[in-house]
Structure formats: C-alpha cells, structure tokens
Amino acid sequence: MPDITAPNSQLELLPNATRSPILGTDTSGRHTSTIVNDGTTTKHLLTKALITTKGWTFTELVKKAPNFRPVDRVHFEDPTLTQTIRMHEDSGNPLIIEGFHEHESWPADLFTLDWLREHGKQGASVRNVHNWADFDLPLSELIHKLRATPRYASEHETERLYGKDAECPHEWASWLSTSGVLPSDLLPHRTNDYLKYLPNDVQTLMCYLGVGDTFTPFHKDLCASSGQNLMCYTENGGSSFWFMTESSAAPGMAEFFHKINEELDFETHVVTLRELGQSRLNIYIAEQQLGDLVLVPPRSCHQVINNGGITMKTSWSRMTLRGLTNSLYHELPVYHRVCRPETYKVKLNIYRALHRQTQRLQELREQQTGSPHPDRSSSTINSSLEGVAHELHHLLELLDDVLGEEYSPKHQDMPHVSQSDTSLQNNITCDFCGADIFQSFFECISCAPHSLVVHEEMRIGDGIVVCPLCYVEGRGCNCGTMNPTQCRPFGDLLRSRDEALRTIRAVCPDIVKDFQSLLKHPR
Ligand SMILES: O=C(O)CCC(=O)C(=O)O
C-alpha cells in the first residue's frame, strides 16, 4: 500500500506538537545498518537494523514463538472459497488464496519483468533499504540492478533497492477486473468497495519489485482499508515472508510499539522475530509464492520481507462500510496525533456514499412501486431495498457524527470554497497534520507563499490551512490571524442528509424513528 511517511508541507505554522521522528542517522546524515535474522543483535543508537531471511524456512519460523501461527490458505478452486473469505473477513483474520498461476487464464506473458520494462511506466520509485533513501530510477536500470543483487544482504553492502508503490500498468488492472479469475468481491470498485464513491484521483493499485532482504516495515494499511496483494511473477525462487496481526490486535500492537519506544503509524520500525514473540499477540506468518493472493484485514499490522530471487507483486485496497466506520472512529484520531496524511478522504467518502445510496434506494423504490403488484413485488427487490436501507441508515449515523464535528452556528457568515456542492472537487489538506478537509477549516491567505499556486490569483483554499482539531490544539499561522472557512454551503450537506432520512423512512420507518430533520433543527 502507498508509503505515506513523507512529511506534510510545512509553511508558516506554529507547531504545538511533536512531529514524525527522523530515522537514525550517523553524523554525516547517512543511515547505518547492521544485519539481524533472529532479533539477537541490539539496535545501536543511530543505527537501523536490516533484517535478513538467510536461514529462514516457513516451517521453522512458525515454531519460533508460541504466539506465531500460519496464515490460513485456501485454493482458488475450493468449493468453500466464498464462505472462507466471508469467515475471515468477519473475524478480521488474514487469508491466502493460492494457485491463481495455475488458472488457464493466468496471463503469464503479461506478468513478467521484461513485459513491464517494455510496456510499463519508465520511471520507478525506489528505496535503498540500507539508508531508507527514496528516489526515482529508470525502470530498466532498476531491473538490471535487481538481477545483479545477491540474494542476501551483507554488512558491507551499501545499496539494496526495492521498487515500491509503483503505478500498476493499465493492462494489469484491466486483466484483474475483466478476466473473471479473481473473486469479484475482492476487486477494486466492486460491490464491497466504498472507495468507488471517491473522486478517481484516489489511486490504490500499486506494484512492488523486490529482491531478497528488501522489505516494507511494520505498518497498517491506510484508513482501515482491506488489502489485496497478488504475487504475479518471481525469478530464482523469489518469495515474500509476511508477518500479520488480526484486525483486533491493532491497539495492543500500538501499545507494544510504545513500550519499545517506537510508533507504529510512522512506519519506521522493522520488527524482529524476537519483538514479535515478545508482543504476545497472535502473529500470522506466511511465505507468499507465485499465484498467492494475500488478504490483509483492515487495521492488521503487517510487515513484508522479500526472500531469495526477484518478486513482483501487485496490490490494491478496498474499503468496506465497517472499514470506513473504524477509520472514522479509530484511525483518524491516530493519524491526527502522529500527523499521518489521510489520503483516502474518509468523511467525503461517507458523504458521497450516502448520496449515491440514497439515489439507489429511490430507484429501487420506483421499481417496486412501478411493478403491477407493488405489495407482491419480487423478493429480490424487497430484500435489496431493506439491505440498502440498512446500509444507508449506518451511513446516516456516521454522517451525523461528521456533521456534529463540522458544524458552526456561524456557518452562514463564512466564506466558501465553492457555492455549489455538486461541482466541488477539492484537495485541501491540513498543512499540519495531513487530515483531509471535508468541510470546515481555518485559513490564512496573506502568509501563504504565492509561488504555491499555478493560477494568477490566490483562491479560497490556496492559503495556509489548519483543520479545526489542530486549531483548537493551538496550531495556527505565525501572524495569528486565521479565517474560519467552509468548503460548501452547510445547507447542502443538511439537505442531502435529510433526503437520505426521508428515503429510509419510506422503506423502513422503524430504524429511523429517533432521527429528525437537521435542516429544521440544525443544532
Ligand atoms: O510487499 C510489500 O513490500 C508490502 C505490501 C503491503 O504491505 C501490502 O500490500 O499491504
């Protein structure tokens, strides 16, 4: 999933909180590394340990601590596949669906390094795992270097590159969505994916090009999204070791990280096997091989260490309604504390989903009332109606909490980014914590460097922006003057919300009997 540890643009702000720590560096500004494969080497001050898979086998790894267990596996042709996926989704446990490379429609000619070099984007963003430096490299050069890299890291080596978060070629994306090989519920923008309601600038399809002993440090996927990661190609027996927790272990793991003086959401710590054992939380381990699709549960804390030869993986996120809910109540507060950019626009996602589901419920009602015998209309329409009404009710509850946070009795006196909700397409984020601005913010236009805007005039939203939560915590512009501003007229939000309420009431009046119109009672 996208690497999101880059600091936010810091302008003339008065910081009142600690920001992300800087990685261990030596006095010359370089990171230094030692090699660990079982957690026995101590971490020196100013040194980042590099982990190696030398000597690892999956069978031995799972025996290393009583809290280690294998990730469940199911073959893609197993008749219980759908049920198994649902069970794991409900319990928040990881799962691997294996064997996709044996499918007759597996695109063995598309999923190769040489195809990618010919047809993929020519620049790759890479990380040197020795000093954690990120930079761009021509793809052909990266491939050349990967093929020349030994399988295991060594103490005196200074460069080992991992091609991360690269854009996935559209041919791959189109194969994923049209081949019918992968279960459709797991694909991007299908029924279960709320990310489809976001503007399409939010991209989640990525690919990873690695070689043994390259890694992604312990982290959680963005905003409680569900992760899918498919191993599409390997050379010389390349594989990836995964270490994952179940969803519910996220707070326990965050607490464990604090005990070892680390911050989970900074994504700066590579956990050792010893630390994973000490955490006493269930750690699910897998060796991902060609054709394995890893399903990463929302909020699962996980780390990936590549092993042996070259591996090429593609990954994407989905957002379930439960993920959206957990993100609003549990992840965004953490992001605010550690200044982790939000990226997935959670509140906007809730609002847009509510808008779209209201339309869908209205359409279904029209189908029902338009049928010659509305009271005997098909049971499929009736159960869809109820299903959508319950989902919409859940979204309504979420949006009410969002509106409670965004509301100000003085909203009518505030300037707006746009006078019309429908045309609103903004990308405003808090310049301090990285939160996506859904409706309300504080802005100082006069102190913003004018070079930041491409058009001639500074517009509302182009200035220095601070979210309400940062503002009440004392963050603001150096000049001391920030204007309360809103994205769109607040009444637009209330109207959409009330329309959702009316639509649910027409289908399932009981579930919304305690709700009132907010346009009539905005407070
Ligand atoms: O393969 C990797 O290096 C990281 C993948 C990952 O963390 C994910 O897909 O969620």
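Residues numbered from 1 in each chain as written. Predicted model: local features only at pLDDT ≥ 70, side-chain atom pairs only at ≥ 80, totals over all residues.

Participant: Requested: an account of the overall build of the chain, with residues and values cited.
Facilitator: When its secondary structure is counted, the chain shows twelve helices and 19 strands. Per-residue burial over the chain gives 39% buried out of 523 residues. Counting only contacts in the chain whose residues sit at least 6 apart along the sequence, the fraction spanning at least 24 positions is 79%. (Helix = DSSP H or I, 4+ residues; strand = E, 2+ residues; numbered from the N terminus. Buried ≥ 20, exposed ≤ 12 C-beta atoms within 10 Å, placed from the backbone. Contact = placed C-beta atoms within 7 Å.)

Participant: So, helix H4 (residues 139–148): which residues are in play, and what are the values?
Facilitator: For H4, the set of buried residues is Leu139, Leu142, Ile143 and Leu146. Take H4 and look down its axis: the buried residues cluster within an arc of 95°, on one side only. Among the structural elements, helix H3 (113–119), strand S6 (123–128), strand S7 (133–138), strand S8 (161–167) and strand S9 (206–210) are those in contact with the buried residues of H4. (Arc of directions from axis to C-beta.)

Participant: Please set out helix H9 (residues 346–370) residue by residue, giving values where relevant.
Facilitator: An α-helical turn contains 3.6 residues, so any two residues separated by three or four positions project in the same direction. The terminal C-alpha atoms of H9, which comprises 25 residues, lie 36 Å apart, in line with the 36 Å expected from a rise of 1.5 Å per residue. Where H9 is concerned, the buried positions are Val346, Lys347, Leu348, Asn349, Ile350, Tyr351, Ala353, Leu354, Gln357, Thr358, Leu361 and Leu364. (Expected span 1.5 Å × (residues − 1).)

Participant: Lay out the pairing of strand S5 (residues 95–98) in plain terms, naming residues and giving numbers.
Facilitator: Where burial is concerned, the two faces of S5 agree: the one with Leu95 and Ile97 and the one with Ile96 and Glu98 are both buried. Chirality of the crossover, the property in question, places the unit of strand S4 (residues 72–75), helix H2 (residues 81–91) and S5 among those that are right-handed. Pairing of S5 with strand S14 (residues 293–296) involves three bridges; the strand directions are antiparallel. Residue Leu95 lies in a different strand from S14, and its bridge partner there is Leu295. (Right-handed = clockwise from strand over helix to strand, strands pointing away. Pairing = 2+ DSSP bridges.)

Participant: Let's hear about the site of the ligand: which residues, and what values?
Facilitator: Around the ligand sit twelve residues in total, of which Thr216, Gly227, Asn229, Val304 and Ser315 are the nearest. For the shell around the ligand, the secondary-structure elements that each account for two or more residues are strand S11 (226–234), strand S15 (301–307) and strand S16 (311–318). Across the shell around the ligand, the residue classes break down as four nonpolar, six polar and two charged. (Near = placed C-beta within 6 Å. Nonpolar A, V, L, I, M, F, W, Y, C, P; charged D, E, K, R; others polar.)

Participant: How would you explain the sheet that holds strand S19 (residues 483–486) if you had to name every residue and give the values?
Facilitator: Strand order in the open sheet formed by three strands is S18-S17-S19, and the pairing between neighbours is antiparallel. Of all strands in the sheet, those bounded by a partner on one side alone are strand S18 (464–466) and S19. Each strand of the sheet is rotated relative to its neighbour by a mean of 40°, with strand direction disregarded. (Axes fitted to C-alpha atoms, helices over the stretch in contact; angles between N-to-C directions.)

Participant: For the environment of Glu102, give the residues involved together with the corresponding values.
Facilitator: Tracing the sequence through the fold places Glu102 in the loop between S5 and H3. C-alpha of Glu102 to C-alpha of Leu290: the two residues are 188 residues apart in sequence and 9.6 Å apart in space.

Participant: Please give an account of the nonpolar core that cites residues and values.
Facilitator: In terms of nonpolar packing, the biggest core is built from 60 residues, with Val71, Leu142, Leu209 and Trp242 touching the most fellow members. Counting 55 residues, the second-largest nonpolar core is a separate cluster that includes Leu222, Leu332, Cys339 and Val507. (Core = buried A, V, L, I, M, F, W, Y, C linked by C-beta atoms within 7 Å.)

Participant: An account of the sheet that holds S5 is requested, with residue identities and associated values reported.
Facilitator: As a general point, the strands of a sheet are linked pairwise by backbone hydrogen bonds and lie either parallel or antiparallel. The sheet built from nine strands is open, its strands ordered S4-S5-S14-S11-S16-S9-S8-S6-S7 with mixed pairing. Where the open sheet ends on each side, the last strands, each with one partner, are S4 and S7. Each strand of the sheet is rotated relative to its neighbour by a mean of 25°, with strand direction disregarded. Along the sheet, H4 makes contact with S6, S7, S8 and S9, crossing S7 at roughly 110°.

Participant: Outline unusual backbone geometry, listing residues and values.
Facilitator: Unusually for a residue other than glycine, Trp132 sits at a positive phi of about 60°. Tracing the sequence through the fold places Trp132 in the loop between S6 and S7. Judged by local crowding, Trp132 falls into the partly exposed class, with 16 C-beta atoms found within 10 Å. Of note in this structure, His189 is not a glycine but carries a positive phi near 65°. Summarising the element assignment, His189 is placed in the loop between helix H5 (170–178) and S9. Among the residues examined, His189 registers 16 C-beta atoms within 10 Å and is labelled partly exposed.

Fair warning: the whole summary comes from geometry, so function is off the table for now.
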